[in-house]
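# Results of the structural survey
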Amino acid sequence: MKKRYYLISCERGHLGRGKGATICFAIQAYNLPQAMKIARRMPAVKHTRMINYGREITEEEYIEYRKVSAYKR
């Protein structure tokens, strides 16, 4: 089975009470549910919240997203 590339958007944590932002991760996984599971365990993500969205992206988009850290975007 071939790995695919996904862009996963999550709610970011550690910003203070009542404050929030989104953070997007480019993740390589076999399917979308697995990519969402990986993103939920990333640092600075509100682990108890739902994932905002996830979509499949191309390898070129994946490489562009990975050039800059998701935490600095």
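Before going into details, it helps to say that this report is about the structure given with it. Residue positions are counted from 1 within each chain, in the order its sequence is given. The predicted nature of this model means local features are confined to residues of pLDDT at least 70 and side-chain atom pairs, given and counted, to a pLDDT of 80 or more, with totals for whole chains, interfaces and linings taken over all residues. Side-chain figures throughout are based on the complete set of non-hydrogen atoms in the structure, without hydrogens or water.

What follows deals with the overall build of the chain. Secondary structure assignment for the chain yields 2 helices and 3 strands. Runs of E in the DSSP output that reach at least two residues are strands. Runs of H or I that reach at least four are helices, and both are numbered from the N terminus. Reading the helices (α) and strands (β) of the chain from amino to carboxyl end gives β-β-α-β-α. For the radius of gyration, the atom set is restricted to C-alpha positions; the globular benchmark scales as 2.2 Å times the number of residues to the power 0.38. Relative to the 2.2 N^0.38 estimate, which gives 11 Å for 73 residues, the radius of gyration of the chain is 12 Å and therefore close to what a compact globule would have. Summarising its shape, the C-alpha atoms of the chain cover approximately 40 × 25 × 15 Å along the three principal directions. Per-residue accessibility, obtained with a 1.4 Å probe over protein chains only, is compared with the maximum for each type, and a residue is labelled buried under 20%, exposed over 50%, and partly exposed between these values. Across the 73 residues of the chain, 27% fall into the buried class. It only takes one pair of heavy atoms within 4.5 Å for two residues to be counted as in contact. Looking at the chain alone, contacts between residues at least 24 apart form 58% of all its contacts between residues at least 6 apart. Within the chain, one finds 16 positive and 6 negative side-chain charges whose respective centroids are separated by 13 Å. Positive charges come from Lys and Arg, negative ones from Asp and Glu, while His and the chain ends are left out of the count. In this description, the location of a charge corresponds to atom NZ of lysine, CZ of arginine, CG of aspartate or CD of glutamate.

The next thing to look at is the pattern of salt bridges. Side chains bearing opposite charge may pair, as long as their charged atoms lie close to each other. A pair is scored as a salt bridge if a Lys or Arg side-chain nitrogen falls within 4 Å of a carboxyl oxygen belonging to Asp or Glu. Considering all chains together, one arrives at 3 salt bridges under this definition. With a closest N to O distance of 3.9 Å, Glu-56 and Arg-4 form a salt bridge. Of this pair, Glu-56 sits in strand S3 (residues 53-57) while Arg-4 sits in strand S1 (residues 4-12), and the two are 52 residues apart along the sequence. Exposure remark for Arg-4: the relative accessible area of 43% places this residue in the partly exposed category. Between Glu-11 and Arg-49 there is a salt bridge, and its shortest N-O distance comes to 3.0 Å. Of the two residues, Glu-11 sits in strand S1 while Arg-49 sits in the loop between helix H1 (32-40) and S3, which places them 38 residues apart along the sequence. With relative accessibility at 23%, the residue Glu-11 sits in the partly exposed group.

For the rest of this paragraph, the subject is the sheet that holds S3. Strand pairing in a sheet takes place through backbone hydrogen bonds and is either antiparallel or parallel in direction. If you trace the 3 strands from one edge of the open sheet to the other, you get S2-S1-S3, paired in antiparallel fashion. Each edge of the sheet is formed by a strand with only one pairing partner; in this case those strands are strand S2 (21-29) and S3. Averaged over all neighbouring strand pairs, the angle between strand axes comes to 25°, with direction disregarded. Examined bridge by bridge, S1 and S2 share 9 bridges and lie antiparallel to one another. The pairing criterion is simple: DSSP has to find at least two bridges between the two strands. Axis angles are defined between N-to-C directions and span 0 to 180 degrees, where every axis is a line fitted to C-alpha atoms and, for a helix, only to the segment in contact.

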